[in-house]
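The residues making up each chain are set out below.
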Amino acid sequence: MASLEGIQSKTQEIRDLTRMERTGAQSHIRGLGLDDSLEPRKISQGMVGQIEARRAAGIIMKMITQGKIAGRAILIGGQPGTGKTAIALGMAKSLGEDVPFTMLAGSEIFSLEMSKTEALIQAFRKSIGVRIREEAEIIEGEVLEIEIDKSVQSGAKSGKITLKTTDMEAIYDLGQKMIESIQKEKIQAGDIITIDKASGKISKLGRSIARSGDYDTVGSSSRFVQCPEGELHKRKEVVHTVTLHEVDVINSRTQGFMALFAGDIGEIKQEVRDQIDTKVSEWREEGRAEIVPGVLFIDEVHMLDIECFSYLNRALESESAPIVIMATNRGMTKIRGTNYMAPHGIPLDLLDRLLIIQTTPYNEKETQQILQIRCQEEDVEISDKALKLLTKIGMETSLRYSIHLITTANLVAIKRKSPEVDVEDVRRVYGLFIDIKRSSKFLQDYQSEFLFYEADDIDDKDVEMA
Ligand SMILES: Nc1ncnc2c1ncn2[C@@H]1O[C@H](COP(=O)(O)OP(=O)(O)OP(=O)(O)O)[C@@H](O)[C@H]1O
């Protein structure tokens, strides 16, 4: 059954291995771009315009951090490509590392491996953190020397590390995993480090003050710390946050924590969850743990069906519910699993609980600014004229389409050995890759030549916001 000890090391190991930086379409978003009084700056942290929606998101952030938003949820509605996902990610980035953030597309809950509600329960529990305080045994000291040898036959590495405090000095053997960790963290003589004895995790606290004169080996971001005093072995209180879902999986007898590596979790028994909840409330009573409600972002929420909406309605009542942010680009459409139409395809009783934020289309200047930020993010040099043309294309087709043209135009520019994208490159990729309008026209012109053309079957009620 769940014990505080060990949960941290296991989850940390998994996170190190499975954590992927969110690159791609949203990699330029680094926050909501608000000032200290929560007013949106015109361009900041990769965010452009959408002032009203960002202002509203800022107020919600404040409510989240003050714990005033339990039992409610937010809906971000707006046309495709108006920054709904960008705003949700901006909120996640501003909340900090300690607050869990889970992203789920409505369609992801339809899987053969688990029921829809199980998928939602897992998403909820991934978004609830448990901040745990525990005493850990650590070794803390200044690195005097590191010696790493590689076996000629097997290639396996072995090594030794000499650590000191102001009072003592000792040599420790290094295992394969610790050697990797030392190399990854670029640990060298003169660094002050701690080693967690249970997990073998090595963290760098900074450089020894005694080394502050070695300018050649020190970057400007180095922190200087005193060489520790006393014993090398110490007990220290450490605080870390795991999610309820991670605790569930680690304690699920059928799955075991290895399942987190594979992402192949399957269903978790309700009795396991009940036991975990009881255990966590014991830890809370003992003052060893506290709950950190995180954020669950459900994109394409119109893809959920009536059963899921009914689950959401109930789950939001729970005292430790995460903040649920939903996004949709649908207007009036059918609630899945029923024949009823509703705004955004969401039942009215759930809609009534939501704070609704609206995103609006961008003007030419904002579109150009977003494209410019994307060019910088993708390390693409672009001429003013080419950027103007790309903006014009963005206004006439879609922002997403013109963002896609950046990478492709850059490849064409590289092929003709030009250091920057010019008008001819944009023209070329505009001709090679068609946007939705041209694609639809092509389909209309040649529809009779496609297989399985059954125009009468198309349900024209399910329309995106126009
Ligand atoms: N205000 C903004 N500032 C900077 N980048 C933005 C902004 N709005 C949108 N983008 C960028 O434009 C692209 C499309 O935006 P995003 O995916 O957030 O739209 P969406 O509203 O979620 O669209 P959909 O309804 O199709 O899911 C992304 O690369 C996003 O980062």
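This text follows the structure it describes.
Every value quoted in this text rests on a predicted model; they were computed, and no experiment measured them. (Residues numbered from 1 in each chain as written. Predicted model: local features only at pLDDT ≥ 70, side-chain atom pairs only at ≥ 80, totals over all residues. Heavy atoms only, no water.)

Q: Mind showing me how you'd approach a negative patch on the surface here?
A: Residues Asp379, Glu381, Asp384 and Glu420 make up a contiguous surface patch of negative charge. Mapped onto the elements, Glu420 comes out in the loop between helix H13 (399–415) and helix H14 (423–432). The class for Glu420 is partly exposed, based on a relative accessible area of 32%. (Patch = residues over 30% accessible without salt bridge, like charges linked within 9 Å, V, L, I, M, F, W, Y side chains within 5 Å. Areas by Shrake-Rupley, 256 points an atom, 1.4 Å probe, with all protein chains shown as cover. Salt bridge = Lys/Arg side-chain N within 4 Å of Asp/Glu carboxyl O. Lys, Arg positive; Asp, Glu negative; His and termini not counted. Charge placed at Lys NZ, Arg CZ, Asp CG, Glu CD. Helix = DSSP H or I, 4+ residues; strand = E, 2+ residues; numbered from the N terminus. Buried < 20%, exposed > 50% of the residue type's maximum accessible area, 1.4 Å probe, protein only.)

Q: Explanation requested: the site of the ligand in the structure shown.
A: Lining the immediate environment of the ligand, one finds 21 residues, of which Gln26, Val48, Lys84, Thr85 and Tyr362 sit closest. The separation between an oxygen atom of the ligand and a polar side-chain atom of Lys84 is 2.7 Å. Protein chains shield 94% of the accessible area of the ligand, which is 640 Å² for the free molecule. Residue assignment for the shell around the ligand shows that the elements contributing at least two residues are strand S2 (47–48), helix H3 (84–95) and H13. Grouping the amino acids of the shell around the ligand by side-chain chemistry returns 10 nonpolar, 9 polar and 2 charged. When residues of the shell around the ligand are assigned to domains, at least three map to each of domain 1 (4–132 + 242–358) and domain 3 (364–433). (Near = heavy atom within 4 Å. Polar contact = N/O pair within 3.5 Å; in protein donor to acceptor, adjacent residues only side chain to side chain. Nonpolar A, V, L, I, M, F, W, Y, C, P; charged D, E, K, R; others polar. Domains from an automatic or database assignment.)

Q: What am I meant to see in the pattern of salt bridges here?
A: Close approach of charged atoms allows side chains of opposite charge to pair. Following the criterion strictly, the structure yields 26 salt bridges and no others. Here Glu286 ties to Arg288 by a salt bridge, and the two come within 3.1 Å at their closest N and O atoms. We note a salt bridge from Glu396 to Lys392, for which the minimum N-O separation is 3.8 Å. One end of the pair is Glu396 and the other is Lys392, both in helix H12 (residues 384–396) and 4 residues apart, which spans about a single turn. Exposure remark for Glu396: the relative accessible area of 47% places this residue in the partly exposed category. One network of salt bridges, with partners in common, ties together Glu118, Arg125, Asp248, Arg273 and Asp277.

As far as function goes, none of this settles anything; it's purely spatial.
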